[in-house]
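Read off the chains here:
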Amino acid sequence: MLRRLFFAFSFFLIGIECLPAVAQQAPAPAFDTKAAQAFMIEASTGTILLAKDENQPISPASLAKLMTLDVIFDAVGRGEISLDTEYPVSENAWRKGGAPSRASTMFAALKSRVRVGDLIQGVAVQQANDGCMILAEGISVNETEFARRMTAHAREIGMPKAVFTNSTGLPDPDDPNGGSKVSVHELVTLAQDLQQKHADLYKYLGQADFTWNRIYQRNRNPLLLLNIGVDGLGTGFTEGEGYSIVASIQRDGRRLFLALGGLKSDKERTEETRRVLEWGLSNFKSQRIFADGEVIGDASVYGGAQSTVGLLAKVPVDVYVPLNNPDRLSARIVYRWPLTAPVAAGYEAGTLRVFSGARLLRELPLYTKDAVAQGTLSSRAFDAFMELTESLLFSWLWDTPTPT
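All of the points below concern the structure found in this document. What you are looking at is a predicted structure, and each value in this text was computed from that prediction instead of being measured.

So, helix α4 (residues 116–126)
The periodicity of an α-helix, 3.6 residues per turn, causes residues three or four positions apart to be oriented the same way.
Move 1: Most of α4 sits inside the fold, with eleven of its eleven residues counted as buried.
Move 2: Of all the positions in α4, only Val116, Gly117, Asp118, Leu119, Ile120, Gln121, Gly122, Val123, Ala124, Val125 and Gln126 are classed as buried.
Move 3: Looking at the packing, one finds that the buried side of α4 touches α2 (64–77), β3 (86–88), β4 (113–115), α5 (129–140), β5 (209–212) and β6 (215–218).
Move 4: The first or second residue beyond α4 is Gln127, which carries a positive phi of 55°.

Below is the structure:
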């Protein structure tokens, strides 16, 4: 039992060193971006390639329209509406988002009816404010209700703090908290959801142009014109916070998602986005650290027929590492120690965190390999005593939630 106690203590404290240290090399030049906020991942592995103030809340501006589209795409996918559903153009949508607003618009005529399929293209290609408002009012009666739906949907797809107050991202003078807020980390999560769950509709975000009601309009995303593999998503601008962008690029079988904020000009946004994407595509290689089905580590089980259970990921664990990487790769398992029997096979028991030096590269769930039944009465009593003793001795180690 002392052996078990020592194992559990040392495992929780230092984690698992997965790979040997890489031979010392001349360090690669540090990469920085002109953006105030940045977050970029490789899609197939979720490896974080770049992170800079990625959780800082910013005003999304027109990037809020990506959430409007994600809500609508979700409704189409569930059969709540179809691309042929028609919504009326209210005076509110026409006046605030249409031709009289002199802002980004698809020029929907007052009191006409527009297909959802056309509205989606107007928003995706032209970032049309009237298109967003018509969709919001059509599916949720008014924008306020739709904004609540946007925020709720954000939570569902893994955006823990994003708040949306309207469908367009336009400034909201009536909101005491300053309107919609989202981080670049969350914007990348949103981009992933749009591309991975709604591939059939995601194509509209890369559509070069759109002709509707005899009006021809080009896509407002300047990255699409560069022919470098960018196939979406959108841009934004907020007075006082600068220019922002969310982009996805696919080249040579590799896809990256990137969000940048706080750039100084439209030109700088285009140039910096291209520079960051090219760096991400050319300076990393894939490395497998755990095979499919490989046991990554053991978790302590109290009150069970066995004292430990193997933990594994449900997919091969690959990461992208710099081509010239002087840092050691390591991995740590985090779980609420100990597990209590009975434990089912396939139970999500913890998280694997992969690091390059001190930098987090990837985080993914771990599952129990086998089931562990309850042990005998005497073994459960002894384990209960040991659990209480260890809790008193090592309570300062427990992984407590971060206050919000």
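Right, picking up where we left off after that structure.
Some points on unusual backbone geometry
Move 1: Note the cis peptide between Ala341 and Pro342, where omega equals 0°.
Move 2: As for its position among the elements, Pro342 is in the loop between β15 (339–340) and β16 (348–356).
Move 3: In this model, Lys111 sits at a positive phi of 70°, which is unusual for a non-glycine residue.
Move 4: Of the residues examined, Lys111 reaches a relative accessible area of 73% and is grouped as exposed.
Move 5: Even without glycine at this site, Asp252 takes up a positive phi of about 55°.
Move 6: Following the sequence through the fold, Asp252 ends up in the loop between β8 (242–251) and β9 (254–263).
Move 7: Classification of Asp252 as exposed rests on a relative accessible area of 77%.

Considering the side chain of Thr238
Move 1: As for its placement among the helices and strands, Thr238 is situated in strand β7 (residues 230–238).
Move 2: Beyond its immediate chain neighbours, meaning those up to four positions away, Thr238 contacts Ser59 and Ala61.

What counts, and where the lines are drawn
- Residues numbered from 1 in each chain as written.
- Predicted model: local features only at pLDDT ≥ 70, side-chain atom pairs only at ≥ 80, totals over all residues.
- Heavy atoms only, no water.
- Buried < 20%, exposed > 50% of the residue type's maximum accessible area, 1.4 Å probe, protein only.
- Helix = DSSP H or I, 4+ residues; strand = E, 2+ residues; numbered from the N terminus.
- Contact = heavy atoms within 4.5 Å.

Shape is all these values report; function is a separate question.
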